[in-house]
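# Residue-level structural notes
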Amino acid sequence: MNGNPRGIRQIKTMKKLFENKYFAFAVRLVLGAVFMYASFDKMANPEVFASIIDNYHILPYQLVNALAIFLPWTEFITGLLLITGKWVKGSLLLYNVLMVIFIIALTQALIRGLDISCGCFSVNPSSTSEVWLRIAEDLVLLFFSFMLFKYTPDAGINNREIGNNNLINQTN
């Protein structure tokens, strides 16, 4: 048996791919564009989006309206930050959390047999989509955003610099 199994080589290749700044930018661009595009119709029609959220039968009605206003703006800002490269780790973390929530919401609707318009990209009730297809798409987006989060280096001050600043600013 070889000292470097095939699985380890594949992981190293994946790591190199996601650490490549051009590939990482392309992935950020696609992820950001998807979230920004998904937010436009929801921002323009929050009352219709609230109705779509309510059709999932997950949240109490009191939270539905607030979410219908808050969620599209969160998607838009997260997408914008990913595209511009600002606060990338935080944006990717939020992206991952939202994707997991979306997957759970869609999966529970599929399991419960709810006949819904997912509201993913359009609030138009005639734009029906296959829920299982949206779940698959969300899983692909989650994979790319998770891998990018995992292999994107942290920007900012490292721990050694923070420790030195704390030593300098100490009072006796």
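This is a predicted model, so every value here is computed, not measured.

This next bit is on the overall build of the chain. The secondary structure content of the chain amounts to 7 helices and 0 strands. Sorting the 172 residues of the chain into buried and exposed places 34% on the buried side. Contacts in the chain between residues at least 24 apart in sequence constitute 74% of all its contacts with a sequence separation of at least 6. Carbon and sulfur atoms form 65% of the exposed surface of the chain, whose accessible area is close to 11,200 Å².

Let us look at helix α5 (residues 88–112). With 25 residues, α5 should reach 36 Å at 1.5 Å per residue; the first-to-last C-alpha distance of 36 Å fits that figure. Immediately beyond the C-terminal end of α5, within one or two residues, lies G113, with a positive phi of roughly 75°.

Along the chain, A44 turns up in helix α2 (residues 21–44). A relative accessible area of 56% places A44 in the exposed class. Note: C-alpha distance between A44 and P72 (28 residues apart in sequence) is 9.4 Å.

This next bit is on the nonpolar core. In this structure, L31, Y56, Y95, M99 and L148 are the most contacted members of the largest nonpolar core, which totals 35 residues. Going through the elements one at a time, α2, α3 (46–55), α4 (61–84), α5 and α6 (131–151) are the ones with two or more residues in this core. Per-element accounting of this core gives the leading share, 10 residues, to α5. When neighbours within four sequence positions are excluded, L31 is seen to be in contact with L82, L92, Y95, L141, F144, S145 and L148.

Scoring rules and cut-offs
- Residues numbered from 1 in each chain as written.
- Predicted model: local features only at pLDDT ≥ 70, side-chain atom pairs only at ≥ 80, totals over all residues.
- Heavy atoms only, no water.
- Helix = DSSP H or I, 4+ residues; strand = E, 2+ residues; numbered from the N terminus.
- Buried < 20%, exposed > 50% of the residue type's maximum accessible area, 1.4 Å probe, protein only.
- Contact = heavy atoms within 4.5 Å.
- Areas by Shrake-Rupley, 256 points an atom, 1.4 Å probe, with all protein chains shown as cover.
- Expected span 1.5 Å × (residues − 1).
- Core = buried A, V, L, I, M, F, W, Y, C linked by side-chain atoms within 4.5 Å.

What is shown is where atoms sit, not what they do.
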